[in-house]
Amino acid sequence: MPTTRRALLLPPMLRALGAWQAEPSPEGGAALVREIAAVAALLDLRLDRLQVSAPPLPELAVEVEPALDPGATDYPLRVPGSDETIGVARIGGDARQAATLVRAVEFAFAAAQSRAAADRAARQLTALDLAVRGISAHLDLERVLTEIVDRVRELADAQYAALGIVDADGVITRFITSGISPEEHRRIGTLPRGRGLLGKIIRENRAYRIPDIGAHPESYGFPPHHPPMTSFLGLPISARGEAIGRLYLTNKQGAAEFSAEDERLVEMFALHAGIAIENARLLEQERRLAIVDERDRISRDLHDSVIQALYGQTLALDDVPELVEEDPAEAGRRVDEAVEAINAVIRDIRNFIFGLRPVLLEGGNLEQGLEHLAAELRRNGAVEVGVSVDGSGEMLDDLPIEQVAELLAVAREALSNVARHADAGRADVRLAITPDEIRLEITDDGRGFDAEREAARGHHGLANMRARSRALGGSFSVASAPRGGTRIIVVIPRRAAGADGGNA
């Protein structure tokens, strides 16, 4: 079959895949398999069965009616470029044509899997960002904890979630739930006492992930009118090394039990719950300012570095559906790079939460970090980016990690704005280092904007860049005009690594 005709057949299959991914119902799965079966028929093949397990995509297992073809062959489906098996397709017909169909299905699911991973990471970042901003903004503790419980239940696909705060004796003093209606709350009655398995989490200060809580030997049982619960994930909430509560989820949706990935996700939210509770205590003790500064730092890092990195990967994946047929090797390379980049973003999330430097800085200096950002933008094909550096390698290597991280965050935000808003063909990053100061300049030839106008609601990029520059004791300026390009200039005092930082 001519390539052009096959190219016309793939978009309906990809649209059906996207529709099923958005609404993973049995009807959507059947529609998806019908589209793939239609492609198979045009290749003189018969698709009898398709089974795919590629988290975070939903599970798919559909058999095509009528009865199965006794001469059909089971073909394994793999992640492009690896031996990892994600499913099987039972196909009847010519083996060479079947191999062509298998490759198309593999690339389609790989692209969908990468998009699903990016969407999941973005949702996690948004939830973390909201939790951090809530803590930073001194919202009522009850509201912050309710937000955390609601978000973690949604992201971990749990039917129920709860957060309990305990006093020095381990007695629950506050209990916040998600997924249980007020009427169910009233029927259940008093707060749990923390006996059995829930109390064990506090006493042993460890996590528990259990397929069936009722079958566990430490389970104490549920009071009358309590909703039935099976799979269980519980973790302690700590502050300053002291267990101050617990966060737990029950009834994993779409699976028999919670996964290790779910546990890692809940650990991050347990950390934020601990921070929120401790922050309330610190506010009472007039230690508010230090906590506010730390929350703002994490919030800027999430917005300026991690979210922008995810946006860059969505650009790289936009034309993968077309490349699947036109250039499968390039499509596979794009998908592999996106998966690798998303894994790096996940590491960055953990690093930012715990105050560690991002992956971008591992083993490199400021110049290498800027080159990395430029290469990332060039790889997406949106803008040509040039980097020039005026200054000795010794001065570059001697910059404190805090200055390097903040300047790279400014550069990432600026270049991301160029890619998303400027409609530019080229951007230039110029770095000049003298014994006294560091000057970072980012220019583009795009459409520009009115720099005097107030930023639209929800757009914090310029404000964040300005805040980072001032936090380093420096200045921030932006010059732009409609159709006149944009120039951003950051000038900060230079400090050597190990200096006392009085100017920052």
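What you see is a predicted model; the values in this text were computed from it and never measured.

S.K.: An account of the packing of helix H11 (residues 366-379) against helix H13 (residues 401-422) is requested, with residue identities and associated values reported.
M.R.: Working note: a packed helix pair is described by the angle between its axes plus the distance between those axes. Look at H11 against H13: their axes get within 10 Å of each other, and the N-to-C directions meet at 20°. When the interaxial angle is binned, H11 and H13 end up roughly parallel. As H11 packs across H13, the resulting crossing turns out to be right-handed. Contact residues: H11 offers Leu366, Gly369, Leu370, Leu373, Glu376 and Leu377, while H13 offers Val404, Leu407, Leu408, Ala411, Arg412, Leu415 and Ala419. Along the lines of polarity and charge, the residues of the contact of H11 with H13 split into 10 nonpolar, 1 polar and 2 charged.

S.K.: Could you give me a rundown of the sheet that holds strand E10 (residues 384-390), with the residues and numbers involved?
M.R.: What the 5 strands build is an open sheet, ordered E10-E11-E12-E14-E13; its pairing is mixed. Two strands bound the open sheet, and with one partner strand each, they are E10 and strand E13 (475-480). With strand direction ignored, the average angle separating the axes of adjacent strands in the sheet is 10°. Bridge count for strand E12 (residues 437-444) against strand E14 (residues 486-493) is 8 bridges, and the pairing is antiparallel. Pairing of Ile442 across the sheet is with Ile488, part of E14. In the packing of H11 onto the sheet, contacts are made with E10, strand E11 (426-433) and E12, and the angle to E10 comes to roughly 170°. Taken strand by strand, helix H14 (residues 461-471) contacts E13 and E14, and its axis lies near 145° from that of E13.

S.K.: How would you sum up the pattern of salt bridges? Please name residues and give values.
M.R.: All told, the structure shown has 14 salt bridges when counted by the stated rule. Across the pair Asp48 and Arg46 runs a salt bridge, and its minimum N-O distance is 2.4 Å. Classification of Asp48 by relative accessible area gives buried; the value is 0%. On the accessibility criterion, Arg46 (27% relative accessible area) is partly exposed. Arg333 serves as the salt-bridge partner of Glu330, at 2.6 Å between the closest nitrogen and oxygen. You can see Glu330 and its partner Arg333 sitting in helix H10 (residues 328-353), 3 residues apart, about one turn around the helix. Taking the relative accessible area as the measure of exposure, Glu330 reaches 19% and is therefore buried. Arg333 gets classed as partly exposed once you look at its relative accessible area, which sits at 33%. Counted as one network, the salt bridges with shared partners bring together Arg430, Arg439, Glu441 and Arg487.

The rules behind these values
- Sequence positions are assigned chain by chain, starting from 1 and proceeding in written order.
- Whole-chain, interface and lining totals are the exception, using all residues; otherwise, since this is a predicted model, local features are given only for residues with pLDDT of at least 70 and side-chain atom pairs are given and counted only at 80 or more.
- Values shown for side chains rest on all heavy atoms present in the structure; no hydrogens or waters enter the calculation.
- Orientation is described by lines fitted to C-alpha atoms, with helices fitted over the stretch in contact, and by angles between N-to-C directions that extend from 0 to 180 degrees.
- The helix and strand labels rest on DSSP assignments: H or I over at least four residues marks a helix, E over at least two residues marks a strand, and numbering proceeds from the N terminus.
- Any angle that falls under 35 degrees is termed roughly parallel, while one over 145 is termed roughly antiparallel, one within 65 to 115 roughly perpendicular, and all others oblique.
- Note on convention: near helix rotated counterclockwise from far helix by under a right angle means a left-handed crossing. Clockwise means right-handed.
- Contacts were defined at the residue level, with two residues in contact if any of their heavy atoms lie within 4.5 Å.
- The classification used treats Ala, Val, Leu, Ile, Met, Phe, Trp, Tyr, Cys and Pro as nonpolar, Asp, Glu, Lys and Arg as charged, and all other residues, Gly among them, as polar.
- Two strands are said to pair when DSSP picks up at least two bridges between them.
- A carboxyl oxygen of Asp or Glu within 4 Å of a side-chain nitrogen of Lys or Arg is what we treat as a salt bridge.
- Only protein chains enter the accessibility calculation, which uses a 1.4 Å probe. A residue is then buried if its area is under 20% of the maximum for its type, exposed if over 50%, and partly exposed in between.

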